[in-house]
Amino acid sequence: QAEDGIRDLDSCLVGSEMCIRDSTNRHVVAGSRKIALLDQTGAKFAAWPVLRDDVNDLVFLQVDEPQKLPAALPLAEARTRLGSSVFTIGFPRIDVMGKTPKLSNGVISGLQGLRDDPCSYQTTVPIQPGNSGGPIFNLNGEVVGIVASMVGIRDEASGAISQLPNISCAIKIECLKELFPHLPAHGTDINSLPSDPGDMESIAQRVQNSVLIVVAK
């Protein structure tokens, strides 16, 4: 039994979520009866889906008092270029690695995803289970993508899957923005963090509290 409302992890899906308007990967919450968001103070927010995109594996979540959530993260306006430095902050394998946020970094290694998917990037950012739904940041502290998946190869003989090193996929932030007109009105002003260039360390300090744990049962 773990603390802060995270219990029986074998029967939960745990992922990362960013305060844009509470978005994460659809597969993190698919089929769940209960969804909770946990911030780094230990506060817990009941949440429920209000819009989903099955094709791009995205879902928007709503909470009762959004004004109590951390500040929203700024979204990139400019197109991300090949070779751009990026990083993610999330909560991989909290059963082993703990509930403090973890950072990993890399570059945009492909401007299209697997099989030339135009809605995704390929990156060299290392990710683990629990990173899904977390933000991919540029060095302005802006979100350029959403962590989607690791990449592996299945052995035809044994059926075992081997994770490929130095490759992961992220959904482009432009695909998330396309869903904004379909969101229900929320009637609450949402504070956003600034978009300022800096080194990775200073940006991480600025944005880390706006990345939440998602627990779905």
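Everything that follows concerns the structure shown earlier in this document.
Report follows, based on the coordinates. What you see is a predicted model; the values in this text were computed from it and never measured.

## Here we look at the overall build of the protein
Here comes step 1: Helices and strands together make up the secondary structure of the protein, namely four helices and twelve strands.
Here comes step 2: For the protein, the proportion of its 217 residues judged to be buried stands at 46%.
Here comes step 3: A fraction of 67% describes how many contacts in the protein between residues 6 or more apart in sequence connect residues 24 or more apart.
Here comes step 4: Only carbon and sulfur atoms are counted for the fraction: they give 48% of the accessible area of the protein, which is about 11,100 Å².

## Overview of the sheet that holds strand S6 (residues 85–90)
Here comes step 1: Taken in spatial order, the six strands of this closed barrel run S6-S7-S8-S11-S10-S9, and their pairing is antiparallel. For this sheet, the mean inter-axis angle between neighbouring strands, taken without regard to orientation, is 45°.
Here comes step 2: As defined by bridge partners, strand S7 (residues 102–110) adjoins strand S8 (residues 120–123) across two bridges and the pair is classed as antiparallel. Bridging from a neighbouring strand, Ile-108 pairs with Thr-123 of S8.
Here comes step 3: This element, helix H4 (residues 200–207), spans S6, S7 and strand S9 (135–137) of the sheet and lies at about 35° to S6.

## Comments concerning unusual backbone geometry
Here comes step 1: Look at Asp-57: it is not a glycine, yet its phi comes out positive at around 60°.
Here comes step 2: With respect to the secondary-structure elements, Asp-57 resides in the loop between strand S4 (44–53) and strand S5 (58–63).
Here comes step 3: Although it is not a glycine, Arg-115 adopts a positive phi angle of roughly 55°.
Here comes step 4: Mapped onto the secondary structure, Arg-115 falls in the loop between S7 and S8.

## A closer look at the pattern of salt bridges
Here comes step 1: Per the stated rule, a full pass over the model turns up four salt bridges.
Here comes step 2: Where Lys-177 meets Glu-77, a salt bridge forms, and the shortest distance between an N and an O atom there is 3.6 Å. Residue Lys-177 is found in helix H3 (residues 173–177), and its partner Glu-77 is found in the loop between S5 and S6; the two are separated by 100 residues along the sequence.
Here comes step 3: Take Lys-177: its relative accessible area is 22%, and that puts it in the partly exposed class.
Here comes step 4: On the accessibility criterion, Glu-77 (68% relative accessible area) is exposed.
Here comes step 5: With its nearest N and O atoms 3.1 Å apart, the salt bridge here joins Arg-93 to Asp-95.
Here comes step 6: Of the residues examined, Arg-93 reaches a relative accessible area of 38% and is grouped as partly exposed.
Here comes step 7: Residue class for Asp-95 comes out partly exposed when judged on its relative accessible area of 46%.

## Some points on the packing of aromatic side chains
Here comes step 1: Per the counting criterion, the structure on display carries two aromatic pairs.
Here comes step 2: On the numbers, 6.1 Å between centres and 70° between planes, the contact of Phe-60 with Phe-180 is edge-to-face. Placement of the pair is Phe-60 in strand S5 and Phe-180 in the loop between H3 and H4, with a sequence separation of 120 residues.
Here comes step 3: For Phe-60, a relative accessible area of 1% gives the class buried.

## Describing the pairing of strand S10 (residues 143–154)
Here comes step 1: Here three bridges tie S9 to S10, and the two strands are oriented antiparallel to one another. Residue pairing in the sheet places Ile-136 in a bridge with Gly-145 of S10.
Here comes step 2: Counted along the chain from S9 to the antiparallel partner S10, the turn is five residues long, and its residue Gly-141 has a positive phi close to 75°.
Here comes step 3: Note that S10 and strand S11 (residues 161–172) share eight bridges and pair antiparallel. By the bridge assignment, Met-150 is partnered in S11 with Ser-168.
Here comes step 4: Between the antiparallel neighbours S10 and S11 lie six residues, among them Gly-159 with a positive phi of about 80°.

What counts as what
Residues numbered from 1 in each chain as written. Predicted model: local features only at pLDDT ≥ 70, side-chain atom pairs only at ≥ 80, totals over all residues. Heavy atoms only, no water. Helix = DSSP H or I, 4+ residues; strand = E, 2+ residues; numbered from the N terminus. Buried < 20%, exposed > 50% of the residue type's maximum accessible area, 1.4 Å probe, protein only. Contact = heavy atoms within 4.5 Å. Areas by Shrake-Rupley, 256 points an atom, 1.4 Å probe, with all protein chains shown as cover. Pairing = 2+ DSSP bridges. Axes fitted to C-alpha atoms, helices over the stretch in contact; angles between N-to-C directions. Salt bridge = Lys/Arg side-chain N within 4 Å of Asp/Glu carboxyl O. Phe/Tyr/Trp six-rings, centres within 6.5 Å; stacked < 30°, edge-to-face > 60°.

These figures capture arrangement, not role.
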